[in-house]
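Analysis of the macromolecular model
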Amino acid sequence: MKKTSYGKYIFLACVLVLLYLPILILAVYSFTSATNIGAIRGFSLKNHVTLFTTPELVQMILGTLVLAFVSAALSALLGTIGAIGSFYSKKRAQRFFNVLNQVPVVNADVVTGFSICILLVVVLNISKDTYIPLVAGHVTLCAPFVYLSVMPKIKQMDPALYEAALDLGATPFRALTQVVIPQIVPGIVSGFGLAITLSLDDYFIATYTKPATFDTISTYVVNATKGAQTTIKTALWALSTVIFAVVILVVICMNVHEARAAKKGVAA
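Residues numbered from 1 in each chain as written. Predicted model: local features only at pLDDT ≥ 70, side-chain atom pairs only at ≥ 80, totals over all residues. Heavy atoms only, no water.

Regarding a positive patch on the surface
Counted only if it meets this: Like charges within 9 Å and nonpolar side chains (Val, Leu, Ile, Met, Phe, Trp, Tyr) within 5 Å are joined into patches, using only residues over 30% in relative accessible area that form no salt bridge. In these tables, accessible area is a Shrake-Rupley quantity obtained with a 1.4 Å probe, and a residue counts as shielded only by the protein chains included in the view. The term salt bridge refers to a side-chain nitrogen of Lys or Arg lying within 4 Å of a carboxyl oxygen of Asp or Glu. Residues scored as charged are limited to Lys and Arg (positive) and Asp and Glu (negative), so that His and the chain ends carry no count. For the purpose of locating charges, the reference atoms are NZ of Lys, CZ of Arg, CG of Asp and CD of Glu. Counting from the N terminus, the helices are the DSSP runs of H or I reaching at least four residues and the strands are the DSSP runs of E reaching at least two.
A contiguous patch of positive charge, built from Lys91, Arg92, Arg95 and Lys155, is present on the exposed surface. Of all the elements, helix α4 (residues 91-106) adds the most residues to the positive patch, at three residues. You can see arginine 95 is positioned in helix α4.

Re a nonpolar patch on the surface
This is how it is decided: Exposure is judged per residue with a 1.4 Å probe applied to protein chains only, and the accessible area is read against the type maximum: over 50% gives exposed, under 20% gives buried, and values in between give partly exposed.
Residues Phe11, Leu12, Val15, Leu16, Val17, Leu19, Tyr20, Leu21, Ile23, Leu24, Ile25 and Ile37 make up a contiguous nonpolar surface patch of roughly 1000 Å² in combined accessible area. With respect to the helices and strands, valine 15 occurs in helix α1 (residues 7-30). The class of valine 15 is partly exposed, set by a relative accessible area of 31%.

Notes on the packing of helix α3 (residues 55-87) against helix α8 (residues 172-201)
Note the cut-off: With axes taken as lines fitted to C-alpha atoms, and helix axes fitted only over the stretch in contact, angles between N-to-C directions fall between 0 and 180 degrees. Should an angle fall under 35 degrees it is taken as roughly parallel, and over 145 as roughly antiparallel, whereas 65 to 115 is taken as roughly perpendicular and any remaining angle as oblique. Rotating anticlockwise by less than a right angle from the far helix to the near helix defines a left-handed crossing, while the corresponding clockwise rotation defines a right-handed one. Whether two residues are in contact is decided by their heavy atoms: any pair within 4.5 Å suffices.
The contact between α3 and α8 brings their axes to 8 Å, and the two run at 140 degrees. Classified by the interaxial angle, the pair formed by α3 and α8 is oblique. Judged by the sense of rotation from one axis to the other, the crossing of α3 with α8 is right-handed. Contacts between α3 and α8 involve Thr64, Leu65, Leu67, Ala68, Phe69, Ser71, Ala72, Ala73, Ser75, Ala76, Thr80 and Ile84 on the former and, on the latter, Leu176, Val180, Ile181, Ile184, Ile188, Phe192, Ala195, Ile196, Ser199 and Leu200.

Comments concerning the side chain of serine 218
Mapping serine 218 onto the fold places it in helix α10 (residues 217-224). The class of serine 218 is buried, set by a relative accessible area of 14%.

Remarks on the nonpolar core
Just so we agree on the cut-off: Residues belong to a common nonpolar core when they are buried Ala, Val, Leu, Ile, Met, Phe, Trp, Tyr or Cys residues joined through side-chain atoms within 4.5 Å.
With 22 residues, the main nonpolar core has Ala83, Val150, Ile154, Val180 and Ile184 as its most contacted residues. The element contributing the most residues to this core is helix α6 (residues 132-156), with seven residues. In this view, valine 180 contacts Ile84, Tyr88, Met157, Tyr162 and Ala175; residues no more than four positions away in its chain are not counted. Leu57, Ala224, Ala235 and Ala238 belong to the second-largest nonpolar core, a separate cluster that totals 12 residues.

The structure is reproduced here in structure tokens:
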């Protein structure tokens, strides 16, 4: 009889516990009236009410979301253009662009943020109050990952489609928008979603490039641990719970959509 090895399942369970148990504990405490992790005092929605009724917190969340979507949109545009341009370039140029794209990916965020700050604020004298350094820093962070998400989809596409569209009378722009882009939409959407996540998660680049009066979720949370009011700190537990719930919901929806698409493909 075939013996079942439980070692890998035990290891997987330990990894999942280490990853998700702290988040679940925080989620549980966000629905209590406790002010510190340690003793559960009773069920309460006070933290969630505080989160969505405190102007300071609402403004911080909305500002972070606007920054994330604007940065992701610009990153999706630049990353897609870069991937298409690299794919249709000569081999030597394509290798150069691929290597160049790896630099922001492997570079430390603190180096990227400090470099953007020096270039735009010190050298070009662009004020941080314009939000240009902040957006530029996030686009620099996110665009290479969009490039990496789009490039595999382009490589899966038949390279002769673009030339065929031109031979049939399409203009280069029409061939690009009606033939090439539809083929790589999944990669663009994936890169856009990844860019939003990276922007929401960033701390170092935002620290160096943001205006003094503006805070992202990451910078606000770090500053809140250094002496904020107890009600604000516990409201951030609720914020962590909401973010985790939204991520879980998005992942479930994406998996359901992919499963339905796969079934339709098999049926066809």
